[in-house]
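Okay, here's what each chain looks like letter by letter:
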Amino acid sequence: MKVLVYVRQWNKDFYLQLIRMAFSQPEVDIISDFRGLGNIWSGEYIYNSDYDQMSEAYEAEQEDIRLRCRFLRSIPQEKAEELSRRFWNGLEKRWKLEHYDAVVSPLIDCYTMDIIERMARRMGCQYFSLVTFFARGYSRFTRRGELYDAKREVSDEEVDRVLDMLTDDSYKVNFALNREKKIWDTRKYFIRRRLIERLYFPYKKRKEKDPWNYHYNTCSFTGGSYRAYSVKRAESYYKKLSDIRLQGDEVYMPLHYVPEATVDYWCDQPDFALYEDSIIRFISNSDPAITFVLKEHPAMYGKRTISFYQRLRDCGNVILIHPYENSNLLMRQIHNVLVYTGSVGVEALLRGKRVFSVTENYYSHTSRNLVKVSQLQHQDLATEDSGDHDREILRQILKGTFPANSTAGRDIEKSDLKEIAEEMRRIYKVNAKAEE
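Residues numbered from 1 in each chain as written. Predicted model: local features only at pLDDT ≥ 70, side-chain atom pairs only at ≥ 80, totals over all residues. Heavy atoms only, no water.

K.L.:
Requested: an account of the sheet that holds strand β9 (residues 318–321), with residues and values cited.
P.N.:
If you walk across this open sheet you meet the 6 strands as β9-β8-β7-β10-β11-β12, and the pairing is parallel. Bordering the open sheet on either side are β9 and β12 (370–372), each of which pairs with just one other strand. Geometrically, the sheet is characterised by an average inter-axis angle of 25° between neighbouring strands, direction not taken into account. Direction of pairing for strand β8 (residues 292–295) relative to β9: parallel, over a ladder of 4 bridges. Paired with Phe292 across the two strands is Val318, which belongs to β9. Relative to β8, helix α12 (residues 275–285) is tilted by about 165°, and along the sheet it contacts β7 (251–254), β8, β9 and β10 (336–339). (Pairing = 2+ DSSP bridges. Helix = DSSP H or I, 4+ residues; strand = E, 2+ residues; numbered from the N terminus. Axes fitted to C-alpha atoms, helices over the stretch in contact; angles between N-to-C directions. Contact = heavy atoms within 4.5 Å.)

As structure tokens, this is what we get:
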């Protein structure tokens, strides 16, 4: 069996252990954007003009590839297309020689990973990207956010247990990213990132002779000085739940952490990767009589530009809720929820809410209370909860997940390696048998 795995420094050991535990004596090729980390370096392709040939298959997808990658969007279009075209052609040539059976990769967050997934799909190759699921103690595999048809048996007892957990108003997803930050924490993070991006990254590009490396060319803060992100200024835009009175016909919209795979690579349209612009566009195109209640993501405290908050205020029909307020208590007061791909949509459906989605996501078509929209009119809104706490929605979703703790961060070694490997092996066999 031949497996291609994409790695970075902090996850290489984990993924190699995972593959060798999941499959019997696999042949493994390691690909990375970092020189020397595997036997395939993306630079072998992107710096080689021999891979500049026109490709009809690539040309059909090049604009989608470019728009979804924050690095490619930040450089001249001609250069962006050159880099992605060369990588596509180099990878395709290698793939035809090696005939991979499976690909294992973290969630897509740049154009090279994007192209690897597209190539796997074109070649009919199974693809595994591990996702930390929002139900505590569960994980799942995906390609681009969709729910795998993993054909796992789910008992009534399991459904009841998870339903009780998710509908508890005190329930929170314990991602490390979501931990509450103090003002000084946000300032330290800003300073640290500025030093890394202005000193360390230029040094690494020169030292590694890798000037177009995605990682060394992407910045966490692109909006100017610290003042553009100052949480002291942001506080003047946030509202506490105790400050507002809701009528119930408002539309609750949880903001995403960005940049992130769930927005850049899981949404239908690539222009959703310009996330903040897409929010303003949706609100502007909708009925001005609708009040939108947006809650900032906890992990974006001190990372979202103040100019975006000002644009929301200028809309005139937006209430921005403080990131550390309890979202479950907020959802209890509102009958309508608007989402992109986030888990809040599932939590809302389980509470009988009307859920509107701007894109297909992993729980699309699970409920009559979920509607895909490009704008909203006041008559579209529900005036009360449906009372439909559909256990079958949750059962269907749980079938595409499995019991195991996992994390995508630098503490990935804390993930339940044995359980994840067993599920990867099981799913691979199920899908291989279905293809016979």
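K.L.:
Can you tell me about the packing of aromatic side chains, naming the residues and giving the values?
P.N.:
Evaluated as defined, the whole model comprises 32 aromatic pairs. With a centroid separation of 6.5 Å and an interplanar angle of 80°, the aromatic rings of Phe87 and Tyr111 are classed as edge-to-face. Placement of Phe87 in helix α6 (residues 77–98) and of Tyr111 in helix α7 (residues 111–122) is noted, with a sequence separation of 24 residues between them. Taken as a pair, Phe87 and Tyr111 share a single burial class, namely buried. Each member of the aromatic cluster is reached from another via a ring pair, and the members are Tyr45, Tyr51, Phe71, Phe87, Tyr111 and Tyr214. Over the face of the ring belonging to Tyr189 we find Lys303, whose NZ or CZ atom lies 4.5 Å from the ring centre. (Phe/Tyr/Trp six-rings, centres within 6.5 Å; stacked < 30°, edge-to-face > 60°. Buried < 20%, exposed > 50% of the residue type's maximum accessible area, 1.4 Å probe, protein only. Lys NZ or Arg CZ within 6 Å of the ring centre and 35° of its normal.)

K.L.:
Go over helix α8 (residues 156–166) with me, naming the residues and quoting the values.
P.N.:
Owing to its 3.6 residues per turn, the α-helix brings residues three or four apart onto one side. Taken residue by residue, α8 has Glu158, Val159, Val162, Leu163, Met165 and Leu166 as its buried positions. Projected down its long axis, α8 shows its buried positions confined to an angular sector of 160°, all on one face. Along α8, exposed side chains directed more than 90 degrees from the buried face belong to Glu157 and Asp164. Buried-residue contacts for α8 involve β6 (138–142), α15 (344–350) and α16 (391–398). (Arc of directions from axis to C-beta.)

K.L.:
Go over the packing of α6 against α7 with me, naming the residues and quoting the values.
P.N.:
Direction vectors running N to C along α6 and α7 enclose 40°, while the axes themselves pass 10 Å from each other. Regarding the angle of α6 to α7, the classification is oblique. Considering only the axes of α6 and α7, their crossing is right-handed. Contacts from Leu83, Ser84, Phe87, Trp88, Leu91, Glu92 and Trp95 of α6 reach α7 at Tyr111, Thr112, Ile115, Ile116, Arg118, Met119, Ala120 and Arg122. Of the residues that constitute the contact of α6 with α7, the class distribution is 10 nonpolar, 2 polar and 3 charged. (Parallel < 35°, antiparallel > 145°, perpendicular 65-115°, else oblique. Left-handed = near helix turned anticlockwise from the far one by under 90°. Nonpolar A, V, L, I, M, F, W, Y, C, P; charged D, E, K, R; others polar.)

K.L.:
Residues and numbers for the nonpolar core, please.
P.N.:
Formed by 42 residues in total, the largest nonpolar core has its most connected members in Ile279, Phe292, Leu294, Tyr309, Leu312, Leu338 and Leu376. Looking at this core, the elements with two or more residues in it are α10 (231–234), β7, α12, β8, α13 (306–315) and β9. Take this core: its biggest share by element is 5 residues, from α12. Residues within four places of Tyr309 in sequence aside, it is in contact with Ala234, Tyr237, Tyr238, Glu296, Arg304 and Leu320. (Core = buried A, V, L, I, M, F, W, Y, C linked by side-chain atoms within 4.5 Å.)

K.L.:
Which residues make up the sheet that holds β6, and what values go with them?
P.N.:
Spatial strand order, β3-β2-β1-β4-β5-β6-β13: 7 strands in an open sheet with mixed pairing. Either end of the sheet is taken by a strand with one partner, and the two such strands are β3 (40–41) and β13 (402–403). Relative to strand β1 (residues 2–6), α7 is tilted by about 155°, and along the sheet it contacts β1, β2 (27–32), β4 (102–105) and β5 (126–132).

K.L.:
Lay out the side chain of Thr366 in plain terms, naming residues and giving numbers.
P.N.:
Along the chain, Thr366 turns up in the loop between β11 (354–357) and β12. Within the structure, Thr366 has its side chain in polar contact with the backbone oxygen of Tyr363 (distance 2.7 Å). In contact with Thr366, not counting residues within four places along its chain, are Leu349, Ile393 and Gln396. (Polar contact = N/O pair within 3.5 Å; in protein donor to acceptor, adjacent residues only side chain to side chain.)

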